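So the chains spell out like this:
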Amino acid sequence: VKMALAREQRRTRSLGEEVRETKARSLAAQKHLEEEEEAIMNKLIKRLEQLQKEKEQLKSKVLVEEEFLRQGEERLKEVDREKQDLQRQLELEQEYVVNKLEKKLNELNLEKQKLGKYKVDLENQLEQEQ
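Residues numbered from 1 in each chain as written. Predicted model: local features only at pLDDT ≥ 70, side-chain atom pairs only at ≥ 80, totals over all residues. Heavy atoms only, no water.

### Considerations on the overall build of the protein
So, step 1. Secondary structure assignment for the protein yields 1 helix and 0 strands.
So, step 2. Projected onto its principal axes, the C-alpha positions of the protein cover 185 × 15 × 15 Å.
So, step 3. Residues classed as buried in the protein amount to 0% of the 130 residues present.
So, step 4. Counting 29 positive and 31 negative side-chain charges, the protein places the averaged centre of each group 14 Å from the other. (Helix = DSSP H or I, 4+ residues; strand = E, 2+ residues; numbered from the N terminus. Buried < 20%, exposed > 50% of the residue type's maximum accessible area, 1.4 Å probe, protein only. Lys, Arg positive; Asp, Glu negative; His and termini not counted. Charge placed at Lys NZ, Arg CZ, Asp CG, Glu CD.)

Next up, the structure:
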């Protein structure tokens, strides 16, 4: 019985040592796992922050580009209005010039008729005097 008791005590001590070693390995593995998880989380948080920063930068660039496009569209509308105004002004000036030239042409035609009549009168007078 003593031998069986001694053998069981040795076995119990051996199993106790094995349990302690297993617990220690388990704690070390758990600690290592937690450290890895924390490193992964920190890496992911850092990446998320970087992506958020990039998103804000892109958002700012988009706003700048949208403003640039808006200003370009406004300038284009303004130039189009100016073009239309100049076209109307040119049409009015052309109409004015055409009317003025027609009036001058009519005046010259009347003057030509008067001179033609005057010429005929002078010729008639000359014939009568001869």
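### Looking at the environment of Q130
So, step 1. Among the secondary structure elements, Q130 is positioned in the segment after α1 (2-129).
So, step 2. With a relative accessible area of 79%, Q130 lands in the exposed category.
So, step 3. In this structure, the C-alpha to C-alpha distance between Q130 and K119, residues 11 residues apart in sequence, is 16 Å.

### Topic: a nonpolar patch on the surface
So, step 1. Together, I40, M41, L44 and I45 make up an exposed nonpolar region whose accessible area comes to about 390 Å².
So, step 2. Mapped onto the secondary structure, I40 falls in helix α1. (Patch = residues over 30% accessible without salt bridge, like charges linked within 9 Å, V, L, I, M, F, W, Y side chains within 5 Å. Areas by Shrake-Rupley, 256 points an atom, 1.4 Å probe, with all protein chains shown as cover. Salt bridge = Lys/Arg side-chain N within 4 Å of Asp/Glu carboxyl O.)

### Side note on the pattern of salt bridges
So, step 1. According to the stated counting rule, one finds 6 salt bridges in the structure shown.
So, step 2. Notably, a salt bridge pairs R20 with E17, separated by 2.9 Å at the nearest N-O pair. On the criterion of helical spacing, the pair formed by R20 and E17 is a turn pair, its members being 3 residues apart in helix α1.
So, step 3. Given a relative accessible area of 51%, R20 falls into the exposed group.
So, step 4. Classification of E17 as partly exposed rests on a relative accessible area of 36%.

### Overview of the environment of E38
So, step 1. With respect to the secondary-structure elements, E38 resides in helix α1.
So, step 2. You can call E38 exposed: its relative accessible area is 52%.
So, step 3. Along the sequence, E38 and V97 sit 59 residues apart, while their C-alpha atoms lie 87 Å from each other.

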